[in-house]
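Chain by chain, the residues:
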Amino acid sequence: MNPAFSVCVYCGSRPGLNPEFATAAQEVGSWIGEHGGQLVYGGGRGGLMGVVADATLRAGGRVVGVIPKALVEKECAHRDCTELHIVDTMHDRKGMMAERADTFLALPGGIGTFEELFEVWTWRQLGYHDKPIGLLNTAGYYDKLLGFLKASVEQQFLGDWQMDLIRSDTDPVSLLKKLVEAAVLSTKPRLDEI
Ligand code: AMP
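Residues numbered from 1 in each chain as written. Predicted model: local features only at pLDDT ≥ 70, side-chain atom pairs only at ≥ 80, totals over all residues. Heavy atoms only, no water.

> Give a detailed account of the sheet that holds strand S3 (residues 62–68), specifying residues and quantitative values.
Pairing in this open sheet of 7 strands is parallel, and the strands run S4-S3-S2-S1-S5-S6-S7 from one edge to the other. Every other strand in the sheet has two partners, leaving strand S4 (83–87) and strand S7 (166–169) as the edge strands with one partner each. Across the sheet, the axes of successive neighbouring strands diverge by a mean angle of 20°, strand direction being ignored. The pairing of strand S5 (residues 103–106) with strand S6 (residues 133–136) spans 3 bridges and is classified as parallel. Bridge pairing in S6 links Ala106 to Leu135. (Pairing = 2+ DSSP bridges. Helix = DSSP H or I, 4+ residues; strand = E, 2+ residues; numbered from the N terminus. Axes fitted to C-alpha atoms, helices over the stretch in contact; angles between N-to-C directions.)

This is how it looks when you write it as structure tokens:
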């Protein structure tokens, strides 16, 4: 059966210091599974990535992992994914993750998460896709980033309309609801041309 919706989650391959991060990742996975959804993610089993994937599976959801072969060789892959795609390059991975998603959600994470978030945000502002993007600001983790982005608007390197392309929230369920609702309403154009 086709999933009701598909959420691409970007998040840390480490758990981070604050236990609230794992709790939030768990809530995200459980909500996706309980609502008949599908998780698309980087296919790893470590850190918050493993937490969100396991929670989705436990709640009966589908999990699509997309991982480059170099990371599989380091034994990072989560073998219990409903679908595990082993691709040649990082570019292939990011393209497939974006293609399979109706919406994107970044949880707390490190440089990999930042890069993924900024990439889909850039693609969105250029009109390559029209999929909603969310930033889960658990325990104020992204406060300083949001402050910096506000400063970029003040310095006129960013426009308010660009900031409006990202929804940030501290509550996982309320953010997921908004993203999925917006995704269902959108036309979901394909990312083939990127
Ligand atoms: P980071 O936030 O630096 O821990 O990177 C996590 C993000 O980058 C995830 O959303 C993944 O898509 C990707 N990534 C980084 N490290 C790994 C790994 N060991 N296994 C799978 N994906 C990873």
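From this point, the discussion proceeds with the structure in view.
> Help me get a handle on the site of the ligand, residues and values and all.
In the neighbourhood of the ligand, 16 residues make up the surrounding shell, with Ser13, Arg93, Gly110, Thr113 and Glu116 lying closest. Interatomic distance of 2.5 Å between a side-chain N/O atom of Glu116 and an oxygen atom of the ligand. Here the ligand loses 85% of its free accessible area of 480 Å² to cover by the protein chains. Spatially, the ligand is embedded in the largest pocket. Per-element tally for the shell around the ligand: the top contributor is helix H5 (residues 111–125), with 4 residues. A class-by-class count of the residues in the shell around the ligand yields 6 nonpolar, 8 polar and 2 charged. (Near = heavy atom within 4 Å. Polar contact = N/O pair within 3.5 Å; in protein donor to acceptor, adjacent residues only side chain to side chain. Areas by Shrake-Rupley, 256 points an atom, 1.4 Å probe, with all protein chains shown as cover. 1 Å grid on protein atoms, 1.4 Å probe; cavity = no way out; pocket = protein on both sides within 12 Å on 5 of 7 lines; lining within 4 Å. Sits in = over half its atoms within 2 Å of the grid points. Nonpolar A, V, L, I, M, F, W, Y, C, P; charged D, E, K, R; others polar.)

> Can you lay out the environment of Thr113 for me, pointing to particular residues and giving the numbers?
Its location among the elements puts Thr113 in helix H5. What makes Thr113 buried here is its relative accessible area of 3%. A sequence separation of 102 residues divides Thr113 from Cys11, and the C-alpha atoms of the two residues are 5.4 Å apart. Residues in contact with Thr113, not counting those within four places in the same chain, are Tyr10, Cys11, Gly12, Ala106, Leu107 and Tyr142. (Buried < 20%, exposed > 50% of the residue type's maximum accessible area, 1.4 Å probe, protein only. Contact = heavy atoms within 4.5 Å.)

> Residues and numbers for the packing of aromatic side chains, please.
Summed over the entire model, instances satisfying the criterion amount to 5 aromatic pairs. Relative to Trp121, the ring of Phe118 lies with its centre 5.6 Å away and its plane at 50°, an arrangement referred to as tilted. Within this pair, Phe118 and its partner Trp121 are both found in helix H5, separated by 3 residues, close to a single helical turn. The rings of Phe21, Tyr141 and Tyr142 are connected pair by pair, giving a single aromatic cluster. (Phe/Tyr/Trp six-rings, centres within 6.5 Å; stacked < 30°, edge-to-face > 60°.)

> How would you sum up the packing of helix H1 (residues 19–34) against helix H8 (residues 172–185)? Please name residues and give values.
Between H1 and H8, the shortest axis-to-axis distance is 9 Å and the interhelical angle comes to 40°. When the axis of H1 is compared with that of H8, the two are oblique. When you trace H1 past H8, the crossing you get is right-handed. Contacts from Ala24, Glu27, Val28, Trp31 and Ile32 of H1 reach H8 at Pro172, Val173, Leu176, Lys177 and Val180. Tallied by class, the residues present in the contact of H1 with H8 amount to 8 nonpolar, no polar and 2 charged. (Parallel < 35°, antiparallel > 145°, perpendicular 65-115°, else oblique. Left-handed = near helix turned anticlockwise from the far one by under 90°.)

> Break down H5 for me, citing the residues and quoting the values.
If you check H5, its first and last C-alpha atoms are 21 Å apart, about what 15 residues at 1.5 Å a residue would give, namely 21 Å. Turning to H5, its buried residues number three or more, namely Thr113, Glu116, Leu117, Glu119, Val120, Trp121, Trp123 and Arg124. The positive-phi residue at the C-terminal boundary of H5 is Gly127, with phi of around 85°. (Expected span 1.5 Å × (residues − 1).)

> Go over a nonpolar patch on the surface, please, and point to the residues and values.
Residues Ile111, Phe114, Phe118 and Tyr141 make up a contiguous nonpolar surface patch of about 390 Å² in total accessible area. Given a relative accessible area of 31%, Phe118 falls into the partly exposed group. (Patch = residues over 30% accessible without salt bridge, like charges linked within 9 Å, V, L, I, M, F, W, Y side chains within 5 Å. Salt bridge = Lys/Arg side-chain N within 4 Å of Asp/Glu carboxyl O.)

> I'd like to hear about H8, residue by residue, with values.
An α-helical segment advances 3.6 residues per turn. Residues three or four places apart therefore align on the same side. Look at H8: 20 Å from first C-alpha to last across 14 residues, which is about the 20 Å you get at 1.5 Å a residue. Taken as a whole, H8 has its buried residues at Pro172, Leu175, Leu176, Leu179, Val180, Ala182 and Ala183. Projected onto a plane normal to the axis of H8, the buried residues spread over an arc of 165° and lie on a single side. Turned more than 90 degrees away from the buried face of H8, the exposed residues are Glu181, Val184 and Leu185. On the buried face of H8, the contacting elements are strand S1 (6–10), H1, S5, S6 and S7. (Arc of directions from axis to C-beta.)

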